[in-house]
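Fold and contact review
Each chain, letter by letter, is given below.
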Amino acid sequence: MAVELTGMTWSHSRGYSSIAAVSQRYEELHPEVTLRWEKRSLADFENQPVGELAKRYDLLIIDHPWTGFGLESGVLRPLETLFPAEFLADQEAHSTGPSYRSYTLAGHQLALPVDSAAPIAVYRPDLLSQDALPQTWEEMIEQAKKGTTILAAAPLYTLLDFFMMCATIAGGEETLYREEVAPPEVAREALERQRELTSLCPPFIFDINPIQVYEMMCGEGENYMYCPFIFGYSNYSRPGYGRHIVKAANVVRYGAGLLRTTLGGTGLAISSKCRNLAETVDFCQYALSEEIQKTIFFDAGGQPGHCAAWLDQAVNARSNRFFLDTLETISHASMRPRYNGYMHMQDNGGAVIREYLMTGRDLGGTLEKLNKIYHVSRRLPL
């Protein structure tokens, strides 16, 4: 009997063409199954409620902060009840950094990492030599003073960079997201360091996202040669994707260790509305397998979630060592909060931080506003 599965992903080669190519091959091997994928913009991927999508699609590509909502609302199926234990154990053992556990909550697995990412450093090797790359925060600031550094500082990314700085200063996220977003001394230092950097970059950074940064760096007519932290897109390190190669590197050290950038990537989740579970689970095992992740998925523009692909010689040869050169950064990445309600913080917190970074006014008031938004998201007393 014919089975049709529907899925929703996001609109970029990394998000759409990769899973579409895997699905095409799966259909060829399983003629009784049809997989139909639709895509939404990056902004919708980051903000569009998963509950709405779960009503219409069998498979969802999601961001890990949605796990709390997915668990509490029941719109996502816990995967430990569907997949063989040995398959899940293999996925966990081959997680790239904390990608696997970012979808684990209260003993349940809400998604599996089909794509792994975190902010990394990128540069134009034709304009900036590898030997001249900044290795410390102080060297990064000196590089920014030359006027050729760029960032993605639209509201969401200023918030995620704030989380990065807080996790780095605090030595991890364990002391964050309690009664306040972060201890006051940690939060103040984080904002001051962010402003130190953004004040040396062009004002338009406050209106652009990572894809726009990459497109500027790989195109013509711009001299921006370095970005100290930006979500990794291996596509731009591959020949032919842009006019110029954008090379990837680990982020700089802040104090004793690397910046603990904020984990991104995507997970493959199954909607509670899905009825063709046998076929859906079989497809997921195929798409998430080591062999497919480092061949069809990567070949079609994907950024694998399986760590064996990050270590694969052929994958790295075709991406200018993107994966090997940034594995240390993602291995030390911190996770965003995942409680049900966090998305209110993600939707509103960045604008408050961006205002401070743009003006430098009222650091104390900025933290008060940020904590009020956080308290609303956690349903804590104001």
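Residues numbered from 1 in each chain as written. Predicted model: local features only at pLDDT ≥ 70, side-chain atom pairs only at ≥ 80, totals over all residues. Heavy atoms only, no water.

Observations concerning the pairing of strand β8 (residues 226–231)
- The buried fraction of β8 is high, at 6 of 6 residues.
- As judged from the 4 bridges shared by strand β7 (residues 119–123) and β8, these two strands associate in the antiparallel manner. Pairing of V122 across the sheet is with C227, part of β8. (Buried < 20%, exposed > 50% of the residue type's maximum accessible area, 1.4 Å probe, protein only. Helix = DSSP H or I, 4+ residues; strand = E, 2+ residues; numbered from the N terminus. Pairing = 2+ DSSP bridges.)

Here we look at the pairing of β7
- Across the 5 residues of β7, 5 count as buried, placing the element largely inside the fold.
- On β7, burial covers both faces: P119, A121 and Y123 on one face and I120 and V122 on the other are all buried.
- Note that β7 and strand β9 (residues 247–249) share 3 bridges and pair antiparallel. Along β9, the bridge assignment pairs V122 with A248.

A few points about the environment of E142
- Positionally, E142 belongs in helix α6 (residues 137–144).
- Classification of E142 as partly exposed rests on a relative accessible area of 44%.

Considerations on the pattern of salt bridges
- Scanning the model with the defined rule gives 15 salt bridges in all.
- In this structure, the salt-bridge partner of R25 is E28, at a minimum N-O distance of 3.0 Å. Within this pair, R25 and its partner E28 are both found in helix α1 (residues 17–29), separated by 3 residues, close to a single helical turn.
- Two residues, K145 and E142, come together in a salt bridge whose shortest N-O distance is 3.0 Å.
- Residue class for K145 comes out exposed when judged on its relative accessible area of 52%.
- In the salt-bridge network here, residues are joined through shared partners; they are E4, R36 and E38. (Salt bridge = Lys/Arg side-chain N within 4 Å of Asp/Glu carboxyl O.)

Brief notes about the sheet that holds β8
- Pairing within the open sheet is antiparallel, and its 3 strands lie in the order β8-β7-β9. The open sheet has two free edges, formed respectively by β8 and β9, since each of these has just one partner strand. In this sheet, adjacent strand axes meet at a mean angle of 40° when their direction is disregarded. (Axes fitted to C-alpha atoms, helices over the stretch in contact; angles between N-to-C directions.)

With respect to the environment of L191
- Along the chain, L191 falls in helix α8 (residues 184–198).
- Taking the C-alpha atoms as reference points, L191 and G360, separated by 169 residues in sequence, lie 9.6 Å from one another.
- Residues contacting L191, with those up to four places away along its chain left out, are F162, I353, Y356, L357, L363, T366 and L367. (Contact = heavy atoms within 4.5 Å.)

Let's talk about the packing of helix α7 (residues 155–170) against α8
- Remark: α7 packs on α8, axes separated minimally by 9 Å, with the N-to-C direction vectors making an angle of 125°. Accordingly, the angle class assigned to the pair α7 and α8 is oblique. In this structure, α7 crosses over α8, and the sense of that crossing is right-handed. Between α7 and α8, the contacting residues are T158, D161, F162, M165, C166, I169 and A170 on the first element and V186, A187, E189, A190, L191, R193 and Q194 on the second.
- Of the residues belonging to the contact of α7 with α8, the class tally is 9 nonpolar, 2 polar and 3 charged. (Parallel < 35°, antiparallel > 145°, perpendicular 65-115°, else oblique. Left-handed = near helix turned anticlockwise from the far one by under 90°. Nonpolar A, V, L, I, M, F, W, Y, C, P; charged D, E, K, R; others polar.)

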